[in-house]
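Spelled out from the first residue to the last, the chains are:
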Amino acid sequence: MHKKNYKKVMTLALILSMLMSAGSAAAFADDAAAAEGEAAAADASAAAEEAPAEEDSGGKAAKLEDPITEAEALSACVPAAENDKYKLLLDDKKLRLCLQVKSSGKCWWTSPINAGADTTPVDEKGTLMKKAPIDQAKSSIAINVGDLRQEKRTELPAPAYSSKAKTSMEVESGGVKAEYDYSSNGVKLTVHYELTDRGLHMYVKTDEIIEAEPEGDQGKVLTKLIMAPYMGAVSGFDENGNPAEGYMIVPDGSGAIIRYNNGKGNYPAYQQKVYGMDYTAVPLNAPKVTEQAYLPVMATVQGNNGLVMVATEGNANVYVNAQVSGQNKQAFNNCYFMFETRSTDEYYMSGSDSTKIMVFEKYGIKTPQFGVEFMPVENSEGVSPADCAAVYRDYLETTQGLTEKTQADSSALYIDTYGSVLKKESILGIPIVIKKKLTTFKQAGKIAGELIEAGASKIVMNCNDWTKDTVRRVAADNANSLSKLGSTNDLKNLNSDTLTAYGSINNFTMEKSSWGYGMLTDTAIRVSSSYSRQSRYSPAFGVAVKGVSPALIAPGTYQKIFDKSLASFTGKGVKNMGYGDWSVKLVSDFSKKSKTSRNDTMNIITKGYSDAVGKGQSIIAAGANSYILPYVDAVTDIPVYSSGYTVTDEDIPFYQMVIHGVLPFSSKAINASSNTDLTFMRALAAGSDMNYDMIYEAADELAETEDDIYYYTHYSGWIDTAGNQARIAKEILAPVSDYKITDYEEDGDVIRTTYSKDGASDVVIEVNTADFTVRANGKFYDLANEGAVDKGGVVG
C-alpha cells in the first residue's frame, strides 16, 4: 500500500511540475472571453476552500478508512427497483445508491464507495484529502442558503453538503425517497430517485421544500440546489496506482472536453450558466464575451462506459459544473448540475461599492420541480462524444418532440442581411435622426443572385431590421415593412427555387413607448424592484455609458407580441419568420403585477413557437437553446469553438453532433471571425453549412450607429469567397446531409468526421486545417486552389 501511495505522489508531482510553467503561461495569455466564468468559479472555489478550514483543525488529513471492493459495496445494498435494463440498489447505512447496468454489470454510484479511503494526492506536495472534501464526496446532495437577516443579507460562503444533514432513505414505488434535514440552515427537502428505462431520474418537488420563515426578515431561504455532485465521480488514481484516464463533456459553445487529471488543479473549476445570463439583473460592467451553453447536458466517460446527465426540470436556472482531481483540494474528476432556486440581485446605495446590498427573490420558489436524468451509455470500442450526443438526441426525440427535418443531398449558404439603422446626421446644422437604408429587398435579391453566379446553389436569407417598428427600436408585433426598403410583398417575392427568405423581428428591448407597449408598464423589474434598463458599455473600458438605456421587455408581454405578430405575418402571407433574441435569451420579471421566472419565460417562448408552427409557419433561429429545437426549421450561428476556459482541453462540435441529420444548420458568420479560413475549415469538419453577414451599402454608412459592429459586412468583398465556399460545402457535405455524426477525431491539424446512416456505408471526411485540404467522397480538395480560402488567416 505504501509503495502505491509513493507511486501516486511521485507521478502526480511529475505531472504537475511539467505543467506548472506551461500552465502559468497559458493563464497569462488566456482569452479574456473566458474571464468572467472563471472569476465566478474562482470565487466559488475560494469559498469551498475556506469552509473546510473551520472543520479540519490543524489542517490534518482525515484518518483513512479501509478500502472496500465493489462486490463488498453491493453486498451492503438492498434492491429498490428494477426494469429490463437497470437495477437501482440502496445502501441505507452509507446513504448512497447504485444504478447498475444489467447487461454489463457496470455500477454508477451516487457517491464514490471509497471516498474515505482515497489516497490520491491533491497537490504537488502529496497532501491527501481532508475531512471536509471527503464528506462532500460522500454527499448525494448539497444546498446553499440565503440569510434574510438585515445585518447579514448574504449567501453561505460555500454549499452545505448532505453529510451535514439529518438524512433518511427508504424504498418507494419505482425507486427511493430521501429526506434531508438541514436544521442549522433552516431547510428541509425530499429527493426522489426514480428508475426509468433510460436510467435514473433524480428530482425535487418544490412543494416538498420547507424553508424557515422565507417571508420574514429573520429567516433563511434556499438559493441553490446541487444534485448528486459526485455521481459517477472518478478518483485521480485507480486501484493499481495509475492515473485514471477519461474525460468529461461540457456544453460550452460548440462543446468542450475536460480530460481527467489534466494537471490544471491550480485553475478555477468550470462553471457556466445554461442558456446564458439572466439579463434582468444589469451588471455594472460589461459582461465578458463567452460562448453560450445552449444545451442542459454533460457527460463523464471512462473507457467503454459513460454517463450522460441531462437537467430535465428547472433547466432554465441551472449551472454546469466540472472539476478535475486536485481542484478545490479534492481527489475526484466529476461534473454536476447546480440549480438556482431563487434569483439574487445587488444594488448600491449612493453608487458606492462599499454600500452594496444583496436582495433575494421573494414570494417562494417559482419553478415547480428540479430534476436530473442520468443515462448510461456503453461501447465496446470506447465511448465517444458522438455516442453521448446520440443519447441526448434520443432524449430530445422521445421526450421533447424533436423530429427530423433535414433533407437528403441538401446544402445551403446562409446569409443575414440588415435592412436599416437609425443614424444621427446634421442637416443645415441641425442634428436629425434618420432611418438609413442598408439593404433593400431588391438589393437583397441582387446579393443572392451574385452568390448563385459565384457558386452557391441554394441561399437561405434571414432579413433583419426590416419592419418599421424594429428600425424605430420599439416593440415590433407586425409584418409592416419600412417603405424605403420595399413592401412586405417584395420580401415574399424574394422566395424562389434557389432562395428562401425569412423575415425576423426582435423584441428583446425597446427604446421608447409605442401603441400598446409602455416603458413603464411593459418593462421587466429586477429583484431589487428597479426597472431593468440594459446598459451600453464602453468598448475601451467596459463601463456603462450615459445615454439611452433600452428597456428590457417584460416576458409577460411576450404572449401578446407572439399573438399579434403571428396574426400579422399569416395575414400578409409571410410564411417564413424568426423571433431574434428570443431563441437564445431568457429573462425574469420580479414585478408584483406579473411575476415571471426564467422557467415561466421558457414556457411562454415554447408556446409561442409552437403556436407559430401550428399555423404553418417556418421558423429560423439565430442560435437555438434546446427547448426551441423541436419547433425550428433551420438554426444559424452555431459556434465551432468553446469559450476556451483554462480547465478545458479541446473543443468538439457536440452541438452539431446532436442535430446533424435532424435539423439544417449553419456556422456563425464566417466573415465575423478573426480567422475566416480556420473557421471555415472547422465548420466543414463539423458538418456545418456556412453563414455570412452582408449589407448592400458601403460599410461607412454604419459609422456612429448601433450597427457599427457590422463594419465587415459590405457584400461585394465576400461574394467570390462565400460562393466558392458554398460550392465546396455542397460537394463535400450534401451527400451526408441526412446522416448522423458517429465519430469525431482530431489528431493535430487533421480532423476526421465519420457519418453514418441506416442502410448505407459509413462516410469519413478528413479535413486538414493546416494546409487547407479535404479528403471526401473519394476526392482530394485543395481549398486554396478552389478559391474557398486565401491562406491569409485574418480577413478584414
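Preceding this section is the structure that the text describes.
Please read all numbers here as calculations on a predicted model, not as lab measurements.

**Description of the environment of Leu-90**
Within the element layout of this structure, Leu-90 appears in strand β2 (residues 86-91). Through-space distance from the C-alpha of Leu-90 to that of Val-176 is 7.8 Å; in sequence the pair is 86 residues apart. If we ignore the near neighbours within four places in the chain, the residues touching Leu-90 are Ala-76, Cys-77, Val-78, Arg-96, Leu-97, Met-169, Val-171 and Val-176.

**Topic: a positive patch on the surface**
A contiguous patch of positive charge, built from Lys-435, Lys-437, Lys-484 and Lys-512, is present on the exposed surface. Residue position: Lys-484 is located in the loop between α7 (468-472) and α8 (488-492). You can call Lys-484 partly exposed: its relative accessible area is 41%.

**Overview of the nonpolar core**
Leu-189 and Tyr-193 are the most contacted members of the largest nonpolar core, which totals 193 residues. Counting residues in each nonpolar core, the second largest holds nine residues, with Ala-137, Tyr-230, Ala-233 and Ala-331 among its members.

**Let's talk about the pairing of strand β10 (residues 187-195)**
Counted residue by residue, β10 has seven buried out of nine residues, so it is predominantly covered. Between strand β9 (residues 175-182) and the antiparallel strand that follows it, β10, lie four residues; Gly-186 among them carries a positive phi value of about 70°. With four bridges connecting them, β10 and strand β11 (residues 200-205) associate as antiparallel partners. Counterpart to Glu-194 in the pairing with β11 is His-201. Counted along the chain from β10 to the antiparallel partner β11, the turn is four residues long, and its residue Gly-199 has a positive phi close to 150°.

**As for the pairing of strand β21 (residues 332-340)**
Across the nine residues of β21, nine count as buried, placing the element largely inside the fold. With burial as the criterion, each face of β21 is covered, one bearing Phe-332, Asn-334, Tyr-336, Met-338 and Glu-340 and the other bearing Asn-333, Cys-335, Phe-337 and Phe-339. Note that strand β13 (residues 220-227) and β21 share four bridges and pair antiparallel. Note that in β21 the partner of Leu-225 across the bridge is Phe-339. Taken together, the two bridges between strand β14 (residues 234-235) and β21 define a ladder with antiparallel strand orientation. Note that in β21 the partner of Val-234 across the bridge is Asn-333. Bridge count between strand β20 (residues 318-323) and β21: six bridges; the pairing is antiparallel. Of the residues in β21, the one forming a bridge with Val-320 is Phe-337.

**What to know about helix α13 (residues 719-733)**
Here α13 spans 20 Å end to end across 15 residues, near enough to the 21 Å set by a 1.5 Å rise per residue. Buried residues of α13: Ile-719, Ala-722, Gly-723, Asn-724, Gln-725, Ala-726, Ile-728, Ala-729, Ile-732 and Leu-733, and no others.

**Concerning unusual backbone geometry**
Unusually for a residue other than glycine, Ala-228 sits at a positive phi of about 45°. Here Ala-228 lies in the loop between β13 and β14. Positive phi values are uncommon outside glycine, yet Tyr-275 reaches one of about 70°. Relative to the assigned elements, Tyr-275 resides in the loop between β17 (270-273) and β18 (297-302).

**Some thoughts on a nonpolar patch on the surface**
Taken together, the side chains of Ile-427, Leu-428, Ile-430 and Ile-432 present a nonpolar region at the surface, about 410 Å² in accessible area. Tracing the backbone through its elements, the reader meets Ile-427 in strand β26 (residues 420-427). Overall, Ile-427 belongs to the partly exposed group, its relative accessible area being 41%.

Criteria and cut-off values
- Residues numbered from 1 in each chain as written.
- Predicted model: local features only at pLDDT ≥ 70, side-chain atom pairs only at ≥ 80, totals over all residues.
- Heavy atoms only, no water.
- Helix = DSSP H or I, 4+ residues; strand = E, 2+ residues; numbered from the N terminus.
- Contact = heavy atoms within 4.5 Å.
- Patch = residues over 30% accessible without salt bridge, like charges linked within 9 Å, V, L, I, M, F, W, Y side chains within 5 Å.
- Areas by Shrake-Rupley, 256 points an atom, 1.4 Å probe, with all protein chains shown as cover.
- Salt bridge = Lys/Arg side-chain N within 4 Å of Asp/Glu carboxyl O.
- Lys, Arg positive; Asp, Glu negative; His and termini not counted.
- Charge placed at Lys NZ, Arg CZ, Asp CG, Glu CD.
- Buried < 20%, exposed > 50% of the residue type's maximum accessible area, 1.4 Å probe, protein only.
- Core = buried A, V, L, I, M, F, W, Y, C linked by side-chain atoms within 4.5 Å.
- Pairing = 2+ DSSP bridges.
- Expected span 1.5 Å × (residues − 1).

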